[in-house]
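What follows is each chain in one-letter form.
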Amino acid sequence: MKVDFHTHSTGSDGSNTPDELLNLALEKNIEYLSITDHDTLDGIKAIENFPNLNKLKFIPGVEISAEFLNTLHLLGYGFDIKNKRLNKVLEDLQEYRKKRNVLMIENMQKLGFQISLEELKEEAGGELIGRPHFASLMVKKNYVSNKQEAFDKYLKKGAPLYLDKKRLDPKDAILLIKEAGGVVVLAHPYQTKLDEQNLDNLIRELVDYGLDGIEAYYSLHTKEMIERYKTLAKKYDLFITAGSDYHGTNKTGIEMGINISKEELEPFLNILRML
């Protein structure tokens, strides 16, 4: 079966609107889809009136960045999108991001880049601005030749224009999703950059907080990685999921849709009562 439980819309840093993502999923014969925008529910709230929503199985999702030495992202699924505390915490994270963007613009202007907040809002198609929007605008204004150059020279961690965003403690992020009635999955484990033993230790710690699953199938996972993560999932009695991390033109080289057997997804789908 073809599924994708990890995609991004214009609600955060994807290039496709939520409706465009759903239409693309239908075109690609994807059976199950989730939109998992970064630290916001705006994208999934925007699809309630999508005319073809009954033609595929849609699962509400979110991707939360957690405090960690490297990268630690947690995916939430099946929660109550109207949960007050969840919405309040995510709104606070977005407000912090807006302040960060203003500081980034000030730093850019000090370096001679003529970029305004209004231009960035137009590029993003709204208030939620991320680094991909900075990169796109830098390309359009001929400051760099492509988005990768923008990240490598100016926007990646450690680069002159990089400013970190606010992150939740991993335990707090897991409890936030669980208290809203959802399940929690460790996204793209390879991005933690941990060796085998330290990744095992991290997963054991997250399980103690309430972790439910691991994103074993991912667009950039090798076959060896997939088997390793499936073994860890079995060891800690976690279900597995599959996602591409599709961002449209904002992250090139990634196509929507992951092929996986229905049998492997049954534990996850049964919990969400989606079979």
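Source: prediction; values computed, not measured.

**Quick look at the sheet that holds strand 1 (residues 2-7)**
Pairing is mixed in the open sheet, where 8 strands are placed in the order 7-6-5-4-3-2-1-8. Sheet topology places strand 7 (239-243) and strand 8 (258-259) at the edges, where each strand pairs with a single neighbour. Relative to strand 7, strand 6 (residues 213-218) is paired through 5 bridges, and the arrangement is parallel. Following the sheet pairing, Gly213 is matched in strand 7 by Phe239. The sheet contacts of helix 1 (residues 18-27) involve strand 1, strand 2 (32-35) and strand 3 (57-65), and relative to strand 2 the element is tilted by about 160°. Seen against the sheet, helix 7 (residues 170-179) touches strand 3, strand 4 (73-77) and strand 5 (183-186) and runs at an angle of roughly 10° to strand 4.

**Brief notes about the pattern of salt bridges**
Charged atoms that come close allow side chains of opposite charge to pair. Under the counting rule described, the total for this entry stands at 14 salt bridges. The shortest N-O distance in the salt bridge between Asp200 and Arg204 comes to 3.4 Å. With a gap of 4 residues between them, Asp200 and Arg204 both fall in helix 8 (residues 196-209), about one helical turn apart. The class of Asp200 is buried, set by a relative accessible area of 8%.

**Re the pairing of strand 6**
Counting buried residues along strand 6, 6 of its 6 residues qualify, which places the element largely inside the surrounding structure. Sheet topology note: the strand 5/strand 6 ladder contains 2 bridges and is parallel. Looking at strand 6, one finds that Leu186 is bridged to Ile214. Considered for its hand, the β-α-β crossover made up of strand 5, helix 8 and strand 6 is right-handed. In this region the chain leaves strand 6, passes through helix 9 (residues 223-235) and returns to the parallel neighbour strand 7; the handedness of that crossover is right-handed.

Cut-off values and rules
- Residues numbered from 1 in each chain as written.
- Predicted model: local features only at pLDDT ≥ 70, side-chain atom pairs only at ≥ 80, totals over all residues.
- Heavy atoms only, no water.
- Pairing = 2+ DSSP bridges.
- Helix = DSSP H or I, 4+ residues; strand = E, 2+ residues; numbered from the N terminus.
- Contact = heavy atoms within 4.5 Å.
- Axes fitted to C-alpha atoms, helices over the stretch in contact; angles between N-to-C directions.
- Salt bridge = Lys/Arg side-chain N within 4 Å of Asp/Glu carboxyl O.
- Buried < 20%, exposed > 50% of the residue type's maximum accessible area, 1.4 Å probe, protein only.
- Right-handed = clockwise from strand over helix to strand, strands pointing away.

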